[in-house]
Amino acid sequence: MTESGPSQLPELAAWAASQLPRLIDQACAATVERIPFYRDGSVVDGPELRRSVEENLRFLIAAIGQPAAVPLDLAAPSATGRRRAHQGAPLPEVLQCYRLVFTTLWDALLAHTGDHRRPAAAEALLAAAGRIFQLTDQHAIALTEAYRAATAELMRARQARRSALVEALLTGYPGPEAAPWEAAEFLGLHRDGVLVVVAADTRGLAEASLPDVEKRLEDQGIVSGWRLTPAQQLGVVSLQEDRYDKMLTVLRATARARTGLSPAFASVHDTPRALRLAQAALAGLPTGRAQVREFDPSPLAALMVYESDERRRLTTKVLGPVLGLPTDDRATLLETLNAYLDNAGSAERAAEVLHCHANTVRYRLRRIQELTGRSLADPHGVAELAAAAFAVRLEGAGG
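In this text, all values refer to a predicted model and were calculated from it rather than measured experimentally.

Calculation rules
- One numbering rule holds for all chains: residues counted from 1, following each sequence as written.
- At least 70 in pLDDT is required for a residue's local features to be given in this predicted model, at least 80 for side-chain atom pairs to be given and counted, and no such filter applies to totals for whole chains, interfaces and linings, which use all residues.
- Note that the side-chain values use all heavy atoms of the structure and ignore hydrogens as well as water.
- Only DSSP runs of H or I with at least four residues qualify as helices, and only runs of E with at least two residues qualify as strands; both kinds are numbered from the N terminus onward.
- Categorising residues by exposure relies on relative accessible area from a 1.4 Å probe, with only protein chains included: less than 20% of the type maximum marks a residue as buried, more than 50% marks it as exposed, and the intermediate range marks it as partly exposed.
- Contacts are assigned to residue pairs that have any heavy atoms within 4.5 Å of one another.
- Accessible areas in this description were obtained via Shrake-Rupley with a 1.4 Å probe; residue shielding takes into account the shown protein chains only.
- Positive charges come from Lys and Arg, negative ones from Asp and Glu, while His and the chain ends are left out of the count.
- Taken as the charge centre is NZ of Lys, CZ of Arg, CG of Asp or CD of Glu, depending on the residue.
- Axis lines are fitted through C-alpha atoms, for helices just across the contact stretch, and the angle between N-to-C directions can take any value from 0 to 180 degrees.
- Throughout, the term roughly parallel applies to angles under 35 degrees, roughly antiparallel to angles over 145, roughly perpendicular to angles from 65 to 115, and oblique to all others.
- Amino acid classes used here: Ala, Val, Leu, Ile, Met, Phe, Trp, Tyr, Cys and Pro are nonpolar; Asp, Glu, Lys and Arg are charged; the rest, including Gly, are polar.

(A) Looking closely at the overall build of the protein. The helix and strand inventory of the protein stands at 18 helices and five strands. Structurally, the protein occupies a C-alpha span of about 115 × 40 × 30 Å along its principal axes. A total of 399 residues make up the protein; the buried ones form 45% of that total. Taking all contacts inside the protein whose residues are at least 6 apart in sequence as the whole, residues at least 24 apart take part in 71%. With an accessible surface of roughly 20,200 Å², the protein has 53% of that area assigned to carbon and sulfur atoms. Computed over 44 positive and 47 negative side-chain charges, the separation of the two mean positions in the protein equals 3 Å.

(B) Just the packing of helix α15 (residues 327-342) against helix α17 (residues 358-372), in detail. One can describe the packing of α15 onto α17 by two numbers: an axis separation of 10 Å at closest approach and a directional angle of 105 degrees. Accordingly, the angle class assigned to the pair α15 and α17 is roughly perpendicular. Counting all contacts with α15, which are made through D329, T332, L333, T336, L337 and Y340, the residues of α17 involved are V361, R364, L365, R367, I368 and L371. In terms of residue class, the contact of α15 with α17 is built from seven nonpolar, two polar and three charged.

(C) Examining the environment of A283 more closely. Assignment of secondary structure puts A283 in helix α12 (residues 271-283). The class of A283 is partly exposed, set by a relative accessible area of 26%. When the C-alpha positions of A283 and R293 are compared, they lie 9.4 Å apart, and in sequence the two are ten residues distant.

Any functional reading would require information beyond the geometric quantities listed.
Structure, rendered in structure tokens:
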């Protein structure tokens, strides 16, 4: 390179600065033509795009005019990155726009030095190409880092808000100026489907036991919102009834700890009640078992969860003598009573389930009637025994 070569760069930068309006027009036109995102203009309109292109061109021209080791002012690309993240612009398209800005400037400089037959200027430009490409990389890195940092901030804010809205639904207190359905709509929950509350033990302290569950459900077309507490991971799931089995499949494949589900319900106002039922279903699983359990859909089960004191009085008053038997004897009689009740009062069908003779079932049932003073031939006796047996089952499940 000739001695006068380096001095040509400031002169080229001055020429580029004089051509700035034309270069802005060219870069904007190329961006709109080649990148559909900018062509739409709904997120980044024409004036906004033009301001951004001008900022970046001024940055590049200034850096070319001072190719020595001068600290770069990366405020412009950083501001662009943050702004685009807040606007929801895709990062690849943002970087593509920047590359078009650089290409527009570079092509203009090369054309200017060639058209005017200025070998010294062309030599200087080519010799400084490494430095120019380096500064464009630094510019792109600054833009990308600012974009990603802003995106992370937005994601944290979004997750914090979604978590607060889920908490509002679960507690029934969405706020002084909001109804429960407003919170549900912010979460994207549908009005025309059903809702299910999920409660899962955490792994360790506040470690999600349903990792990436929101994304996995979303992949199945199921909307949900989640909140993590020190002891439990809680979720409200919105779905069409025909997707219930898909939800179960996802939860069973994802669960790393005990997980309970409420019955499906229609009104968002019932979310706090559903949370209690989901937690009762969770409590019915052995500690440490990674399993998903649905709450019993029987209205009797829900009643007993809410009336726990009466449930305990019922079991003591009706089945107290049975519960006072030695463990094996007690378990056998309760198992027989449940099998009998679950099979429409048929000793024969209960015997098939228990793998014993029907007369054995009848003998055990007579013992239960003698111990409790209640007859299975009396509707009132059947009702009390059935309710008490259900209560024992629920109590034993941790309900």
